[in-house]
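Listed below are the residues making up each chain.
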Amino acid sequence: MNEFELIRRYFATAPCAQGGDGVVRGIGDDCALLAVPAGEQLAVSTDTLVAGVHFPDACDAFLLGQRALAVSASDLAAMGATPLAFTLAMTLPSASEAWLAEFARGLQAMAQSCSLALVGGDTTRGPLSLTLTVFGRVPSGQALLRSGAQVGDLLCVGGELGDAAGALPLVLGQREAAADISEALLARYWSPQPQLALGQALRGQATAALDISDGLLADCGHIAKASQVALKIELEHVPLSAALRAFAGDEQARICALGGGDDYRLAFTLPPALLAGLQVDWPEIRVIGRVLAGSGVQLLDAAGQSIDPPRGGYQHF
């Protein structure tokens with residue numbers, strides 16, 4: 001099977017490649033053509049995932065297809081963008097028809113969930129890697145940035161943290177767990193759900209935002225640096241799932257939440273008066289700290305005393 005037959009059979013004919021709102025021309029020409037309405041800006045982000053670094057060498061192709069697009073789409077959520085389209089560049093060691101069919105099926109499932117149209121890409125031979133570029137649109141001047149946090153703002157997250165990092169022993173086959181626990185944790189690793197609707201709701205409300213990919217402490221450090229403020233995180237208020245606590249224990253669960261990465265929840269700063277209104281529609285939002293004058297990220301215990309972060313943190317395979 002040559003490159004063009006591979007593209008036609010598994011991608012060009014997929015439902016997600018048949019165009020959509022804002023797609024003037026998709027697969028079939030040298031470039032895709034996208035239309036952005038007047039008064040809006042184009043949001044663009046690229047992610048590369050490499051086998052053995054960002055995901056296990058041996059893994060389910062359907063789940064990989066879901067995860068690869070979700071990771072990229074989460075960047076659109078972080079900017080408050082409405083999804084538009086994406087491209088996919090694949091480096092494949094071989095053209096396994098069974099693998100490609102399952103990967104394309106997973107990609108289609110996440111594309112449909114995120115309202116993203118596949119508009120182009122590339123294929124080549126080599127060690128397995130995937131590069132996805134996502135495109136979104138956002139009203140001019142309303143994109144969520146990392147640089148607007150203000151002293152007195154609340155520091156919030158869009159839900160429980162640490163499940164994806166906690167799932168790694170299950171992903172790698174190093175441990176087993178009861179079905180309900182393993183299913184919950186593995187779903188958070190393989191099928192993260194980009195918080196696109198929340199990101200759009202935060203436009204004009206959040207003062208700074210990003211998605212948590214490298215761990216809560218590291219990513220909050222990006223907000224603190226870009227906004228030239230300090231962030232105070234109260235450890236007891238960092239939300240943890242019951243499944244993660246049961247599987248990893250409280251101490252390890254906190255390590256996963258603070259530094260584990262791969263959560264793809266939004267972290268954002270918010271004026272206190274706006275919290276109650278947002279929690280009506282997103283009750284999973286949790287306040288984990290505040291914005292202070294200064295620099296860096298400070299972690300506090302239940303008594304309000306500064307503590308060193310637990311040992312551990314984000315790591316690839």
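Quick notes on the rules
- Residues numbered from 1 in each chain as written.
- Predicted model: local features only at pLDDT ≥ 70, side-chain atom pairs only at ≥ 80, totals over all residues.
- Heavy atoms only, no water.
- Pairing = 2+ DSSP bridges.
- Helix = DSSP H or I, 4+ residues; strand = E, 2+ residues; numbered from the N terminus.
- Contact = heavy atoms within 4.5 Å.
- Axes fitted to C-alpha atoms, helices over the stretch in contact; angles between N-to-C directions.
- Patch = residues over 30% accessible without salt bridge, like charges linked within 9 Å, V, L, I, M, F, W, Y side chains within 5 Å.
- Areas by Shrake-Rupley, 256 points an atom, 1.4 Å probe, with all protein chains shown as cover.
- Salt bridge = Lys/Arg side-chain N within 4 Å of Asp/Glu carboxyl O.
- Buried < 20%, exposed > 50% of the residue type's maximum accessible area, 1.4 Å probe, protein only.
- Domains from an automatic or database assignment.
- Buried area = accessible area lost by both parts, 1.4 Å probe.
- Polar contact = N/O pair within 3.5 Å; in protein donor to acceptor, adjacent residues only side chain to side chain.
- Left-handed = near helix turned anticlockwise from the far one by under 90°.
- Nonpolar A, V, L, I, M, F, W, Y, C, P; charged D, E, K, R; others polar.
- Phe/Tyr/Trp six-rings, centres within 6.5 Å; stacked < 30°, edge-to-face > 60°.
- Lys NZ or Arg CZ within 6 Å of the ring centre and 35° of its normal.

Enquirer: Explain the sheet that holds strand E13 (residues 306–307) here, please?
Expert: Hydrogen bonds between backbone atoms are what pair the strands of a sheet, whose relative direction is either parallel or antiparallel. The 7 strands lie next to each other as E8-E10-E7-E11-E9-E12-E13, forming an open sheet whose pairing is mixed. Either end of the sheet is taken by a strand with one partner, and the two such strands are strand E8 (208–211) and E13. Sheet strands in contact with helix H8 (residues 216–227) are strand E7 (154–157), E8, strand E9 (230–234), strand E10 (266–270), strand E11 (286–292) and strand E12 (296–300), and its direction is about 150 degrees off that of E8.

Enquirer: Please explain a nonpolar patch on the surface as it appears in this structure.
Expert: Where nonpolar side chains cluster on the molecular surface, the patch consists of Val36, Leu42 and Val44 and spans about 230 Å² of accessible area. Turning to its location among the elements, Val44 is positioned in strand E3 (residues 40–50). Judged by its relative accessible area of 48%, Val44 is partly exposed.

Enquirer: What is the right way to read the pairing of E9 from this model?
Expert: One face of the sheet, then the other: side chains in a regular strand alternate in exactly this way. Taken across its 5 residues, E9 has 4 buried, putting it largely inside the fold. Pairing of E9 with E11 involves 4 bridges; the strand directions are antiparallel. Along E11, the bridge assignment pairs Lys232 with Arg290. Note: E9 against E12, 5 bridges, orientation parallel. Looking at E12, one finds that Leu231 is bridged to Val297.

Enquirer: Where do I start with the domain arrangement of the protein in this structure?
Expert: Where the parts come together, the accessible area they lose is often given as the size of the interface. When the domains of the protein are assigned, the result is domain 1 (3–139) and domain 2 (153–307). Taken over C-alpha atoms, the centre of domain 1 sits 26 Å from the centre of domain 2. Facing the 25 residues of domain 1 at the interface are 19 residues of domain 2. In this assembly, domain 1 packs against domain 2 so that about 1,700 Å² is buried in total across both faces, 61% of it on carbon and sulfur atoms. A salt bridge links Arg67 to Asp262, with the nearest nitrogen and oxygen atoms 3.3 Å apart. Where domain 1 packs against domain 2, one counts 7 residue pairs in polar contact (both at pLDDT 80 or more).

Enquirer: Looking at this model, I keep getting lost on the packing of helix H2 (residues 61–79) against helix H3 (residues 97–114). Mind explaining?
Expert: Packed helices, taken two at a time, are described by their axes: the angle between them and the distance between them. With their axes 6 Å apart at the nearest point, H2 and H3 run at an angle of 35 degrees to one another. Our pair here, H2 against H3, has a crossing hand that is right-handed. The residues of H3 that touch H2, namely those facing Ala61, Phe62, Leu64, Gly65, Gln66, Leu69, Ala70 and Ala73, are Trp99, Glu102, Phe103, Arg105, Gly106, Leu107, Ala109, Met110, Ala111 and Cys114. Of the residues belonging to the contact of H2 with H3, the class tally is 13 nonpolar, 3 polar and 2 charged.

Enquirer: Please clarify how the sheet that holds strand E4 (residues 82–92) should be interpreted in this entry.
Expert: Across the sheet, 4 strands lie side by side as E3-E6-E4-E5; this open sheet has mixed pairing. Strand pairing shows two members of the sheet lacking a second neighbour, E3 and strand E5 (117–125), which therefore form its edges. For this sheet, the mean angle separating the axes of adjacent strands, direction not counted, is 15 degrees. Pairing of E4 with E5 involves 8 bridges; the strand directions are parallel. Residue pairing across strands places Ala89 opposite Asp122, the latter belonging to E5. Contacts between H2 and the sheet are confined to E3, E4 and strand E6 (129–139), with E6 contributing the most and set at about 30 degrees to the helix. Lying over the sheet, H3 contacts E4 and E6, oriented at roughly 165 degrees with respect to E4.

Enquirer: Mind showing me how you'd approach the packing of aromatic side chains here?
Expert: The relation between two aromatic rings is expressed through the spacing of the ring centres and the mutual angle of the planes. According to the stated counting rule, one finds 3 aromatic pairs in the structure shown. Taking 6.4 Å as the distance between ring centres and 70 degrees as the angle between the ring planes, the aromatic pair formed by Phe11 and Phe103 counts as edge-to-face. Highlighted residues: Phe11 in helix H1 (residues 3–12) and Phe103 in helix H3, separated in sequence by 92 residues. For Phe11, a relative accessible area of 6% translates into the label buried. Looking at Phe103, the relative accessible area reads 0%, which means it is buried. When the ring of Tyr189 is compared with that of Trp190, the centres are 4.9 Å apart and the planes differ by 85 degrees; the resulting orientation is edge-to-face. You'll find Tyr189 and Trp190 in the same group, each marked buried. Members of the aromatic cluster, joined through ring pairs, are Phe11, Trp99 and Phe103. Positioned above the aromatic ring of Tyr189, the side-chain terminus of Arg67 is 4.1 Å from the ring centre. Between the NZ or CZ atom of Arg175 and the centre of the ring of Phe247, over which it lies, the distance is 3.9 Å.

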